[in-house]
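Below, each chain spelled out in residue letters.
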Amino acid sequence: MSDVIVIGGGLAGLASSVALAQAGVTVTLLESRPRLGGRASSFEDAATGELIDNCQHVAMGCCTNFRHFCRATGIEASFRSERELFFVAPPTLELSVRPRICRFSAMPLPAPLHLAAAFLRLSYLSWQEKLALARGLKALARERSDATRGKNFADWLAEQRQPTNVIERFWWVVLVSALSESLDRVSVAAAQKVFVDGFLANRHGWEVWLPTVPLDELYSGQLTQWLTSHGVEVRLKSGVERLVLENDRVTAVELRNGERLSAQQFVLAVPQHRVRSFLPDEWHNKPPFDRLDQLETAPIASVHLWFDRPITQLPHAVLVGRLSQWMFNRSKVPSETDLTQSSEPGTRNYFQIIISNAREVAKRPQAEVIAEVVAELKAIWPEAALAELRHSRMIVEHTAVFSPLPGSEDLRPAQQSPIANLQLAGDWTQTGWPATMEGAVRSGFLAAENVARSFGRETRMLQPDLPVSWLNRWWMGRVRLSATAGE
Ligand SMILES: Cc1cc2nc3c(=O)[nH]c(=O)nc-3n(C[C@H](O)[C@H](O)[C@H](O)COP(=O)(O)OP(=O)(O)OC[C@H]3O[C@@H](n4cnc5c(N)ncnc54)[C@H](O)[C@@H]3O)c2cc1C
């Protein structure tokens, strides 16, 4: 019998298992699917025979816990850091003119000045619009959470008199990618989190971190090896049916095949809408379980395209003012052997287009969406205009992330549940972060801290945020006065 049973092999369950194994606690990890990774996973595309990710997953420099998790388990080597973004200017009425590509990178200056030149290079905003944007960023950084409680970000932007162009070409572009919601369905606090942690607080916060291998190779491959070599029993295809409770304590889990497994402590790391089904009826209407179904969710769509030739050499690009929001060049650099064999379509010339906040897209015929995306790419890159589409598919994750609506924070439970030996983990629990891999890992670490404490091991597992520079603490005013000093 293990000390702890972790239910759910997404990033929250994985982070809990890793942290507990490091604390010397024995763990059994139960996952219903045949692979680990949860919402961050891959599947085999029948046409190409390749393992492809359900959707490109991006981390950032400010994701300190996710990065620590990757470092601790040795999977960090399978990520690359990108210190330059490419913003493709919105389409213009002059169809013959190709849109400008604005390079976005940091200068060797302390935050928040590090990105000043990058903002100035956004050629599709006028000088007045850039000034309005700077004013808006400063106001957001200084905003106090009690003053904006219940307010949505669209209303806040209107109050700040942000020009329509700045809203549509900047605030919308960044926030919809980060939170997958329209601005009227985003709390001011959630928007502040994205801009302050990502772009303003520390000069490395905005840097993009991308996996160089399919997600399945990371989590089902490398991470499973780490877990098993550190004594974690990983059981796939082991769906849990329910938790068995006696005297308000969990004594065992019952698997779908009827098997019962006991432990002293339990971490429930499944999506929020599944939680109540694991509990006896008398718990369904007790807080926090009674509120979990009120957490709304938003869909994300990914369009996967295989061309007969490269359509751009850029590794990724943010597409402004279009249906396509972010392009990722997932083409494998061909090896000598690949070049001598015909392996088309394979992962050569493979591109992923991400469409967050995809409610409207999800209702449209897939062929129509794919055609619109391809037409957009052809209008941007001359190589794309000549390329032939060999294969395509679109995937919509309907409940991809929870919606950070005003008031949604009140629905997110702490990791310590009202049942003493049951922890909740998942990006939807109280982490201070939106639904991200970072949020999921934070929840796993926080749950593991509580479990370790119950075994008499006071271990700090949660990692600190990136430090905030003195200049920034002054610039951001009260909001960040408590932050750690020095950069
Ligand atoms: C399309 C898409 C794009 C995204 N893009 C990004 C991105 O770019 N960057 C980013 O940071 N985040 C992104 N996210 C969000 C990120 O994937 C999630 O926040 C994170 O993976 C959530 O992890 P989790 O462990 O909380 O939940 P999940 O990944 O949902 O894990 C829950 C696990 O529980 C298992 N489970 C369920 N029921 C049972 C049962 N009865 N018994 C046993 N196991 C069970 C599930 O199979 C699953 O493995 C994206 C999500 C989606 C869907």
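Calculation rules
- Residues numbered from 1 in each chain as written.
- Predicted model: local features only at pLDDT ≥ 70, side-chain atom pairs only at ≥ 80, totals over all residues.
- Heavy atoms only, no water.
- Phe/Tyr/Trp six-rings, centres within 6.5 Å; stacked < 30°, edge-to-face > 60°.
- Helix = DSSP H or I, 4+ residues; strand = E, 2+ residues; numbered from the N terminus.
- Buried < 20%, exposed > 50% of the residue type's maximum accessible area, 1.4 Å probe, protein only.
- Lys NZ or Arg CZ within 6 Å of the ring centre and 35° of its normal.
- Contact = heavy atoms within 4.5 Å.
- Pairing = 2+ DSSP bridges.

A. Focus on the packing of aromatic side chains. A complete count under the given rule lists 19 aromatic pairs for this structure. For the pair F66 and W209, a centre-to-centre distance of 6.3 Å together with 85° between the ring planes defines the contact as edge-to-face. Note that F66 is positioned in helix α2 (residues 64-73) and W209 in strand β9 (residues 208-211), a separation of 143 residues in sequence. In this structure F66 comes out as buried when scored by relative accessible area, which is 0%. Measuring from centroid to centroid gives 6.1 Å for F307 and F351, while their planes differ by 65°, and the two rings are edge-to-face. Here F307, found in strand β15 (residues 297-307), pairs with F351, found in strand β18 (residues 350-356); they are 44 residues apart in sequence, far enough to count as distant. Joined through ring pairs, the aromatic side chains of F87, F104, F119, F153, W156, F170, W171, F195, F199 and W206 make up one cluster. Lying across the ring of W127, K130 places its NZ or CZ 5.2 Å from the centre. Between K286 and the ring centre of W283, over which it is positioned, the NZ or CZ distance is 4.3 Å.

B. Quick look at the environment of L261. In this fold, L261 is placed in strand β13 (residues 260-262). In this structure L261 comes out as buried when scored by relative accessible area, which is 15%. Counting along the chain gives 174 residues from L261 to A435, while the straight-line C-alpha distance between them is 30 Å. With residues up to four places along the chain from it excluded, the contact list for L261 reads I5, L30, R235, T251, A252, V253, L255 and F266.

C. Summary view of the pairing of strand β12 (residues 249-255). Among the seven residues in β12, five count as buried, and that is most of the element. In this structure, strand β11 (residues 240-246) lies alongside β12, joined through six bridges in antiparallel fashion. Looking across to β12, one finds that E246 is bridged to R249. With antiparallel pairing between neighbouring strands as the criterion, β11 and β12 make up a hairpin whose turn holds two residues, including N247 at a positive phi of roughly 50°. The sheet contact formed by β12 and β13 spans three bridges and is antiparallel. Paired with A252 across the strands is S262, a residue of β13.

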